[in-house]
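Structural characterization, general
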Amino acid sequence: MENWSVDQVCNWLRQRNLGELVPKFREEEVSGAALLALNDRMVQQLVKKIGHQAVLMDLINKYQQQKSGLKSLTYGCETATQKFPEVIIGKNLKSFFARYKTLQWTSSYALPDFPYDVKCILAEKKCPDHSMRIRIIEFLQADMTKYLEGSLYPNSQQYNIVVSALLQAYPFLDEDGNGFLLWKRALKDRFKYVRRPIEDDEQVLRNKCKFGHRRGQTRKSSFAENKPDNVQVQVEEEPVHLEGSAMDVHIKWLKQEYLKTQRNWKEVDNRMNVTIEMRRKMISDKAPLKDILRLFPFLRCPYQLFREFQLLTHMDIYKKTVEILEIYSENILSLYAVRNNPINIMLQENLKRHTEEDILKYMKKTAACLLLPDVFGDDSSLFAAVNEEVKVVTPVLEVKNPFHVNSCEFALYVEREELAQLDDCTMALAALVAAFRVFDIPCPKRIHRTLNFLESLVFEVRSPASLLTQVKRELEARDYPSI
């Protein structure tokens, strides 16, 4: 920055949404060196608006702090280069710096020092009005651009980090539990607004060409893109929208309806249909699960979880699970590999206490469900915690008293938090498979074969009969190597 010309300084101001300052900076011939030498009194003479003064001084101070930190890092790298010249040279040194900055961004992001009036509002824990929200977003956007070294294209993870830091520092900004989504969308809209008039930045022009933007083209905000076709959309010049969207109305209704004992399930289905694009976007952007469930609490209901799975795959997961357990329960229990398993021993003891055919059938299905990981040699602790505390973060079943007809309990856990109470083993198995797909959670390797087997039956990828025959043959060969 020290060697920047006046034109480069003006371009830097435009990128940080300080274009109003360009004429004055040109008049006073402020170069890069002069910019870094500015003090508070000089900034007050150059810049009229207090907000712009605060932003400019904040950017200058943080640049100087970052520069001093980078110098110390460079010294360390030079020392390392002297010791290991064959390791850190040329492109390797460049990649080292890039990796360092990425780690610094993701692990130690700190919120900017907001101007005095914003600090007062935040200190009083008052919900800011629309103009104050815009100011907060402007400061966050300028700060992110600084971290990105002038780039105006943060990735989704970086948006998540900044918004999470904001809500962690000021929880009252998370109004009605919608805060994460709304502030993130507003921040993304702010970057779009800043990028729109830029015509001399190589990265911006390249991305505009890549994504089909044309000069003078008007785009709808992300709120507008998510609205139904029959809703009138007002596209304002300032695209920071935190209030009054049809999508917010749907979300608010769903949250209120979830609290009722008598629910309008038909209307719930309709509103879940309308909001599915937003929901899938949040999930694909890896938004925190607690925020997704706070906005769409009906995903805690097994029926809606199964319905979401069906909207994504066109498959009735519950119906398929009923068929799977009907067909394979007896075969699974007959395998030698599970004969001495504690679950099977527990089943045999409880079978002696009952004679009713329905109860016996129910117990066998439950045992077959819980024994599936052992059939495939997988880690059963990643599948179900039977009379134990849940210890894994991936979707897992919690099962209590599995063979006690009157006291058995099934629950689905995700990230060690209870997601849903389930009626029986069939619903539990269906919910477990659905959760991985609905919440886009990678399957752990130690349970991969079990879930792959279940999904192959659900989606009819292979013939069920031949698949189980193959598994049975492999297990028997493993248990009886002499045969």
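To start, this report covers the structure provided alongside it.

The rules behind these values
- Residues numbered from 1 in each chain as written.
- Predicted model: local features only at pLDDT ≥ 70, side-chain atom pairs only at ≥ 80, totals over all residues.
- Heavy atoms only, no water.
- Helix = DSSP H or I, 4+ residues; strand = E, 2+ residues; numbered from the N terminus.
- Buried < 20%, exposed > 50% of the residue type's maximum accessible area, 1.4 Å probe, protein only.
- Contact = heavy atoms within 4.5 Å.
- Areas by Shrake-Rupley, 256 points an atom, 1.4 Å probe, with all protein chains shown as cover.
- Phe/Tyr/Trp six-rings, centres within 6.5 Å; stacked < 30°, edge-to-face > 60°.
- Lys NZ or Arg CZ within 6 Å of the ring centre and 35° of its normal.
- Salt bridge = Lys/Arg side-chain N within 4 Å of Asp/Glu carboxyl O.
- Pairing = 2+ DSSP bridges.
- Core = buried A, V, L, I, M, F, W, Y, C linked by side-chain atoms within 4.5 Å.
- Polar contact = N/O pair within 3.5 Å; in protein donor to acceptor, adjacent residues only side chain to side chain.
- Axes fitted to C-alpha atoms, helices over the stretch in contact; angles between N-to-C directions.
- Parallel < 35°, antiparallel > 145°, perpendicular 65-115°, else oblique.
- Left-handed = near helix turned anticlockwise from the far one by under 90°.
- Nonpolar A, V, L, I, M, F, W, Y, C, P; charged D, E, K, R; others polar.

1. What to know about the overall build of the protein
In terms of regular secondary structure, the protein is built from 23 helices and 4 strands. When the 483 residues of the protein are sorted by exposure, 47% land in the buried category. In the protein, the share of contacts with a sequence separation of at least 24, taken over all contacts with a separation of at least 6, comes to 62%. Of the roughly 26100 Å² of accessible surface on the protein, 51% is carried by carbon and sulfur atoms.

2. Examining the side chain of Asp 291
Positionally, Asp 291 belongs in helix α16 (residues 289-295). Excluding its chain neighbours within four sequence positions, the residues that come into contact with Asp 291 are Phe 180 and Met 282.

3. Some points on the packing of aromatic side chains
Scanning the model with the defined rule gives 11 aromatic pairs in all. On the basis of an interplanar angle of 85° and a centroid distance of 5.3 Å, the ring pair of Tyr 258 and Phe 298 is categorised as edge-to-face. Here Phe 298 lies in the loop between α16 and α17 (302-313) and Tyr 258 lies in helix α13 (residues 246-258), a separation of 40 residues in the sequence. What makes Tyr 258 partly exposed here is its relative accessible area of 24%. The class for Phe 298 is buried, based on a relative accessible area of 0%. Centroid distance Trp 265 to Tyr 303: 5.9 Å. Interplanar angle 85°. Geometry classified as edge-to-face. Note that Trp 265 is positioned in helix α14 (residues 265-274) and Tyr 303 in helix α17, a separation of 38 residues in sequence. For Trp 265, a relative accessible area of 33% gives the class partly exposed. Among the residues examined, Tyr 303 registers a relative accessible area of 42% and is labelled partly exposed. Taken together through their ring pairs, the aromatic side chains of Tyr 258, Trp 265, Phe 298 and Tyr 303 make up a single cluster. Between the NZ or CZ atom of Arg 263 and the centre of the ring of Tyr 258, over which it lies, the distance is 4.8 Å. One cation-aromatic arrangement involves Arg 279 over Phe 296; the distance from NZ or CZ to the ring centre is 4.9 Å.

4. Focus on the pattern of salt bridges
When the charged atoms of two side chains lie near each other, side chains of opposite charge can form a pair. This model, assessed by the stated rule, comprises 19 salt bridges. For Glu 326, the salt bridge goes to Lys 361, with nearest N and O atoms at 3.5 Å. One end of the pair, Glu 326, is in helix α18 (residues 317-334); the other, Lys 361, is in helix α20 (residues 357-375), and 35 residues separate them in sequence. Glu 326 sits in the partly exposed class, given a relative accessible area of 40%. The network of salt bridges with common partners includes Lys 184, Lys 281 and Asp 285.

5. Some thoughts on the pairing of strand β2 (residues 396-400)
Burial analysis of β2 places 4 of its 5 residues in the buried class, which makes it a mostly covered element. Where β2 meets strand β3 (residues 409-414), 5 bridges bridge the pair, whose relative direction is antiparallel. For Val 399, the partnering residue across the bridge sits in β3 and is Phe 410.

6. Things to note about the nonpolar core
Counting 129 residues, the largest nonpolar core has Phe 25, Leu 56 and Phe 439 as its most contacted members. Top element by residues in this core is helix α21 (residues 425-438). It accounts for 12 residues. Those residues in contact with Phe 439 that lie beyond four places of it in its chain are Ile 283, Leu 289, Leu 293, Leu 299, Leu 305 and Leu 419.

7. Some remarks on helix α15 (residues 276-284)
For α15, the complete set of buried residues consists of Ile 276, Met 278, Arg 279, Arg 280, Met 282 and Ile 283. Residues of α15 that are buried make contact with α10 (179-195), α13, α14, α16, α17 and α21. Downstream of α15 by one or two residues, Lys 286 has phi in the positive range, about 60°.

8. Details of the environment of Glu 29
Along the chain, Glu 29 turns up in the loop between α2 (22-27) and α3 (32-36). Between the C-alpha atom of Glu 29 and that of Val 9, which follows or precedes it by 20 residues, the distance is 9.8 Å.

9. Remarks on the side chain of Arg 279
Tracing the backbone through its elements, the reader meets Arg 279 in helix α15. Within the local environment of Arg 279, its side chain forms a polar contact with the side chain of Thr 275, the two groups lying 2.8 Å apart. With residues near it in sequence (within four places) discarded, Arg 279 still touches Met 272, Phe 296, Leu 299 and Glu 308.

10. A closer look at the packing of α18 against α21
Direction vectors running N to C along α18 and α21 enclose 125°, while the axes themselves pass 9 Å from each other. Taken together, α18 and α21 sit at an angle that is classed as oblique. In the packing of α18 onto α21, the handedness of the crossing is right-handed. Contact with α18, carried on its side by Ile 317, Tyr 318, Thr 321, Val 322 and Leu 325, involves Cys 425, Thr 426, Met 427, Leu 429, Ala 430 and Val 433 of α21 and no other residues of that element. Residues of the contact of α18 with α21, tallied by class, amount to 9 nonpolar, 2 polar and no charged.

11. Focus: the sheet that holds β3
Spatially, 4 strands are ordered β1-β2-β3-β4 in an open sheet, and the strand pairing comes out mixed. Of all strands in the sheet, those bounded by a partner on one side alone are β1 (384-386) and β4 (417-422). Across the sheet, the axes of successive neighbouring strands diverge by a mean angle of 25°, strand direction being ignored. Relative to β2, β1 runs parallel, the two being bridged by 3 bridges.

12. Looking at the pairing of β4
When β3 meets β4, the two strands line up antiparallel, connected through 5 bridges. Across the sheet, residue Phe 410 finds its bridge partner in β4, namely Leu 422. Remark: 2 residues form the turn of the hairpin made by β3 and β4, two consecutive strands paired antiparallel; Glu 415 in that turn has positive phi of roughly 55°.

13. Looking at unusual backbone geometry
Of note in the backbone geometry, His 314 takes a positive phi value of approximately 65° without being a glycine. With respect to the helices and strands, His 314 occurs in the loop between α17 and α18. His 314 sits in the exposed class, given a relative accessible area of 67%. A positive phi is found at Asp 440, a non-glycine position, where the angle reads about 55°.

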